[in-house]
Amino acid sequence: MKNQENHISSDSTNWTVLLILLILTTISILAIKIHLGSFTVALALIIASVKVTIVLTYFMHLKFENTLLRLMVGGVFLLFAIVIAITFIDYYFR
Amino acid sequence: MSSTEHSELIDSDTGKMGMWLFLFTELFLFGGLFIVYAVMRSKYAEDFHHAALELNAFIGATNTVVLLVSSMTVAMSLTAIQQNRANKAIGLIFITLILAGVFMVNKYFEWGHKLDLHLYPGSDVMRTLPHGEIMFFGLYFMMTGLHALHVIIGGILLTVVIFKIKSGKVHQGHYLLQENGALYWHLVDLIWIFLFPLLYLIT
């Protein structure tokens, strides 16, 4: 019987990650109440991106995956960012 | 390592990569809606601001916490199966399912309230609203609805995983199905992490 070879995350790591995610959520909710003008949207999206990165890295174990998979995930998010950028370039300059 | 062992290892690696490829398509499914939201928001900033005030940020925040905790419990269930603690794994997935249920009940009350106010696509009230607000509510129902559908599918997938652990098909040596089920569940969480600020927080 062969075992799948994977990194095992400890329960304490998972708790820590959850705690950080909850703190970021709280910051996100509180930051909305401060009027930062157009920066409000940017700040909310930056915090969300940090949270997503943490979930991908720790809960989805990307930190412990092989380089190919990490490159694929990075590449897809880059592609998505390019699609959004091109959409807005098209939208503002047509 | 014998050749059979080697091929099984490759199988679990490729199986996981297949799941990631599927998750990429999911990302672009929601990504398309995010782009529509972004363009419409910049076009109808005033209407979006007004319509977003209708949403209950408290329910949104509650569901965010519920999904984050459920993401952790499903990650912990994977740790448990890797440590050959099947009962703990089943228990943790069960907690995840309960949290999924809590999420859906919250969604039921949230949508129910909107329906009571006749705020749904094609309703008499909706027709009197400015064009941008109609767009906002259309996107709100489409995005949260598609997301809720994923919560239901994820719940079904994790239920299957519980039965497979019970029947011994998923165990310490072979847990690809549970791993992929967990990845799917994390994706549901990822999408919500963006939906929550975009729909509920930014007004």
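Residues numbered from 1 in each chain as written. Chains lettered and ligands numbered in written order. Predicted model: local features only at pLDDT ≥ 70, side-chain atom pairs only at ≥ 80, totals over all residues. Heavy atoms only, no water.

Undergrad: I'd like a description of the overall build of chain B, backed by residues and values.
TA: Summing up its helical and strand segments, chain B has seven helices and zero strands in all. The secondary structure elements of chain B, listed N-terminal to C-terminal, are α-α-α-α-α-α-α. Projected onto the principal axes, the alpha-carbon positions of chain B cover approximately 70 × 30 × 25 Å. Evaluated residue by residue, chain B yields a buried proportion of 54% over its 203 residues. Within chain B, counting contacts between residues at least 6 apart in sequence, those at least 24 apart form 82% of the total. Across chain B, the mean location of the 11 positive side-chain charges is 6 Å away from that of the 14 negative side-chain charges. (Helix = DSSP H or I, 4+ residues; strand = E, 2+ residues; numbered from the N terminus. Buried < 20%, exposed > 50% of the residue type's maximum accessible area, 1.4 Å probe, protein only. Contact = heavy atoms within 4.5 Å. Lys, Arg positive; Asp, Glu negative; His and termini not counted. Charge placed at Lys NZ, Arg CZ, Asp CG, Glu CD.)

Undergrad: Residue-level account of the interface of chain A and chain B, with values.
TA: Taken together, the contacts link 48 residues of chain A with 52 residues of chain B. Taken over both partners, the interface formed by chain A and chain B buries close to 4,600 Å², and the fraction arising from carbon and sulfur atoms is 77%. Across the chain A-chain B interface, the total number found is two salt bridges. Note that B:K88 and A:D11 form a salt bridge whose closest N and O atoms lie 2.7 Å from each other. Counting the contacts that link chain A with chain B gives five residue pairs in polar contact (both at pLDDT 80 or more). (Buried area = accessible area lost by both parts, 1.4 Å probe. Salt bridge = Lys/Arg side-chain N within 4 Å of Asp/Glu carboxyl O. Polar contact = N/O pair within 3.5 Å; in protein donor to acceptor, adjacent residues only side chain to side chain.)

Undergrad: So what's going on with the pattern of salt bridges? Which residues, and what values?
TA: Overall, the coordinates contain four salt bridges over all chains when judged by the stated rule. For the salt bridge of A:E65 with B:K16, the shortest nitrogen-to-oxygen distance reads 2.9 Å. On the criterion of chain membership, the pair formed by A:E65 in the loop between α2 (39-59) and α3 (67-93) and B:K16 in helix α1 (residues 3-43) is interchain, its members lying in two chains. Take B:K16: its relative accessible area is 3%, and that puts it in the buried class. Linking B:K16 and B:E179 is a salt bridge whose minimum nitrogen-to-oxygen distance equals 3.1 Å. Here B:E179 lies in helix α7 (residues 176-201) and B:K16 lies in helix α1, a separation of 163 residues in the sequence. Like B:E179, B:K16 is buried. When salt bridges with common partners are traced through the structure, they connect A:E65, B:K16 and B:E179 into a single cluster.

Undergrad: Mind laying out a nonpolar patch on the surface, listing which residues take part and the relevant values?
TA: On the surface, A:I34, A:L36, A:F39, A:I46 and A:V50 cluster together into a nonpolar patch covering about 420 Å² of accessible area. Looking at where A:V50 falls in the secondary structure, it is placed in helix α2. (Patch = residues over 30% accessible without salt bridge, like charges linked within 9 Å, V, L, I, M, F, W, Y side chains within 5 Å. Areas by Shrake-Rupley, 256 points an atom, 1.4 Å probe, with all protein chains shown as cover.)

Undergrad: Which residues make up unusual backbone geometry, and what are the values?
TA: Although it is not a glycine, A:H61 adopts a positive phi angle of roughly 60 degrees. Within the element layout of this structure, A:H61 appears in the loop between α2 and α3. Of note in the backbone geometry, B:N84 takes a positive phi value of approximately 65 degrees without being a glycine. Counting through the fold element by element, B:N84 comes out in the loop between α3 (57-82) and α4 (86-116).

Undergrad: Talk me through the packing of helix α6 (residues 131-166) of chain B against α7(B); I want residue IDs and the actual numbers.
TA: Residues and elements named next belong to chain B. At a closest axis distance of 9 Å, the pairing of α6 and α7 adopts a crossing angle of 160 degrees. In terms of orientation, α6 lies roughly antiparallel with respect to α7. Along this stretch, α6 crosses α7, giving a crossing that reads as left-handed. Here the contact of α6 with α7 is built from residues that sort into 20 nonpolar, seven polar and one charged. (Axes fitted to C-alpha atoms, helices over the stretch in contact; angles between N-to-C directions. Parallel < 35°, antiparallel > 145°, perpendicular 65-115°, else oblique. Left-handed = near helix turned anticlockwise from the far one by under 90°. Nonpolar A, V, L, I, M, F, W, Y, C, P; charged D, E, K, R; others polar.)

Undergrad: Quick rundown of the side chain of B:T96? Include the residues and the values.
TA: Residues and elements named next belong to chain B. Structurally, T96 can be placed in helix α4. By relative accessible area, T96 is classed as buried at 0%. For T96, the side chain forms a polar contact with the side chain of T73, separated by 2.7 Å. Separated by 2.8 Å, the side chain of T96 and the backbone oxygen of L92 make a polar contact. Setting aside its immediate chain neighbours within four residues, T96 contacts S70, T73, V74, L158 and W185.

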